[in-house]
Amino acid sequence: MDALRRHLLRHAALGAMAVGMTGAMEAAQALPSSAGAPGGVGGPGAGRPRSTQVLIAGTTFARLFEPAPAGGKPSGLAVDVLDAILIPAGLQPRYEFYPWLRAQSMIEHGPTQILVGPYRTPEREKLMRFSRQAFYEDALVFYARRREEGLWWGDFQALVPLRIGAVQGWVYGDRFEQARRGLNVTAVRDLNTALRMLQLDRLDLIAANQRNSEPVIQELGMTDQVALCAPPFAQLRGHFAFSRDAAGEPWMALVDAGMQRLRASGELQQMAARRGVALPD
């Protein structure tokens, strides 16, 4: 087994060298033990272990992480970036979609290696590691019924008498959270539910991110009923996240090194432009 383990470590290291980053190489050397069970242990082809499978979890984020119909290949900027980092290192990404709270729990407690897209907050930093670089930026905004967008003009104090919907598990930034204690905020399961409640006059405003909301509003056929309020109340950046235990550190190092390479080459900027995603500086 020692000899086999040494062979697996060499295989991972060679894959990381293809990435061209010392940090990625060091991370990949640790991956066979932290990823779980690499293939090729015994049977035909045992001399050439199969790629280690990497479990990547998240929820549907427009233009970032979207499932394909009929079980095809997922799409979005997160998929583009992780494919470009993991596959050259000899690793096989496996993308799975869950409700957002469950996806976060899977990175905190296993078995997920990478979580797609959380905003970085002090509270979350106690539960998970974050990539050094963010890979997208969102405008946090309010939505109202058409012709009622004047309910928000930048003053949280003016929202005190209103009914506001906020999605469970979403982060809205310090300004919203500080004001939240004095507001009538209803936690809703997802954005679809919030929009239906707005349509039925059970909410006056919805707090959401603009990138995620626009395609849902279009899909529900509510573009003539829902209006974007100005200005945004926050700008937040999204990251990849990893477990806080020792197994999460090499994954973080691998992704950080890969993103640095993609940014330096200009590939990351091109990927973001193709997907219509705002890339942080």
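Reading the values: rules and limits
Residues numbered from 1 in each chain as written. Predicted model: local features only at pLDDT ≥ 70, side-chain atom pairs only at ≥ 80, totals over all residues. Heavy atoms only, no water. Buried < 20%, exposed > 50% of the residue type's maximum accessible area, 1.4 Å probe, protein only. Helix = DSSP H or I, 4+ residues; strand = E, 2+ residues; numbered from the N terminus. Pairing = 2+ DSSP bridges. Contact = heavy atoms within 4.5 Å. Polar contact = N/O pair within 3.5 Å; in protein donor to acceptor, adjacent residues only side chain to side chain. Salt bridge = Lys/Arg side-chain N within 4 Å of Asp/Glu carboxyl O. Arc of directions from axis to C-beta. Axes fitted to C-alpha atoms, helices over the stretch in contact; angles between N-to-C directions. Parallel < 35°, antiparallel > 145°, perpendicular 65-115°, else oblique. Nonpolar A, V, L, I, M, F, W, Y, C, P; charged D, E, K, R; others polar. Core = buried A, V, L, I, M, F, W, Y, C linked by side-chain atoms within 4.5 Å.

Student: Got a sec to walk through the pairing of strand E8 (residues 205–209)? Specific residues and values, please.
Tutor: A regular strand places its side chains so that they alternate between the two faces of the sheet. The element E8 is extensively covered by neighbouring structure, given that 5 of its 5 residues are classed as buried. Here strand E6 (residues 163–167) pairs with E8 via 3 bridges, running parallel. Bridge pairing links Ala166 to Ala207 in E8.

Student: Tell me about the environment of Asp138, and please be specific about residues and values.
Tutor: Examined against the element boundaries, Asp138 turns out to sit in strand E5 (residues 136–145). A C-alpha to C-alpha distance of 9.5 Å links Asp138 and Tyr119, two positions 19 residues apart in sequence. In this view, Asp138 contacts Tyr119, Asn209, Arg211, Ala234, Gln235 and Leu236; residues no more than four positions away in its chain are not counted. A polar contact of 2.6 Å, which involves the side chain of Asp138, links it to the side chain of Tyr119.

Student: An account of the pattern of salt bridges is needed here, citing residue identities and associated values.
Tutor: Tallied over the full model, the rule gives 15 salt bridges. Two residues, Asp201 and Arg145, come together in a salt bridge whose shortest N-O distance is 2.9 Å. Within this pair, whereas Asp201 is found in the loop between helix H7 (191–199) and E8, its partner Arg145 is found in strand E5, the two being separated by 56 residues in sequence. Using a relative accessible area of 42% as the deciding quantity, one classes Asp201 as partly exposed. Judged by its relative accessible area of 14%, Arg145 is buried. Here Arg189 ties to Asp190 by a salt bridge, and the two come within 3.4 Å at their closest N and O atoms. Among the charged side chains, a salt-bridge network with shared partners connects Arg145, Glu148, Arg163, Asp201 and Asp204.

Student: Got a sec to walk through the side chain of Asp83? Specific residues and values, please.
Tutor: Inspection of the secondary structure assignment puts Asp83 in helix H3 (residues 77–86). Taking the relative accessible area as the measure of exposure, Asp83 reaches 17% and is therefore buried. Ignoring any residue separated from it by four or fewer positions in sequence, one finds Asp83 in contact with Lys73, Pro88, Pro93 and Tyr95.

Student: Talk me through H7; I want residue IDs and the actual numbers.
Tutor: For H7, the full list of buried residues reads Leu191, Ala194, Leu195, Met197 and Leu198. Angular distribution of buried residues about the axis of H7 spans 160°; they occupy a single face of the element. Buried residues in H7 make contact with E5, E6, strand E7 (184–188), E8, helix H8 (210–219) and strand E9 (226–228). The opening residue of H7 is Asp190, an N-cap whose side-chain oxygen sits 3.4 Å from the backbone nitrogen of Asn192.

Student: Account for H3, naming residues and giving values.
Tutor: Burial of H3 is extensive: 10 of the 10 residues sit out of reach of the surface. Looking at H3, one finds that the buried residues are Leu77, Ala78, Val79, Asp80, Val81, Leu82, Asp83, Ala84, Ile85 and Leu86.

Student: Requested: an account of the packing of helix H9 (residues 248–265) against helix H10 (residues 267–275), with residues and values cited.
Tutor: At their nearest, the axes of H9 and H10 sit 4 Å apart, and the two run at 85° to each other. One way to sum up the angle between H9 and H10 is to call them roughly perpendicular. The residues of H10 that touch H9, namely those facing Met259, Arg261, Leu262, Arg263 and Ser265, are Glu267, Leu268, Gln269 and Met271. By residue class, the composition of the contact of H9 with H10 is 4 nonpolar, 2 polar and 3 charged.

Student: Tell me about the nonpolar core, and please be specific about residues and values.
Tutor: Where a protein is soluble and globular, its nonpolar side chains tend to be buried together. One finds Leu86, Phe142, Phe233 and Phe240 to be the most contacted residues of the largest nonpolar core, which totals 83 residues. For this core, the element with the most residues is H3, which contributes 8 residues. With near-sequence residues (within four places) excluded, Phe142 lies in contact with Trp152, Phe156, Leu159, Ile164, Phe176, Leu205, Ile206, Ala207, Ala227, Leu228, Cys229 and Phe233.

In short, shape yes, function no, at least from these values alone.
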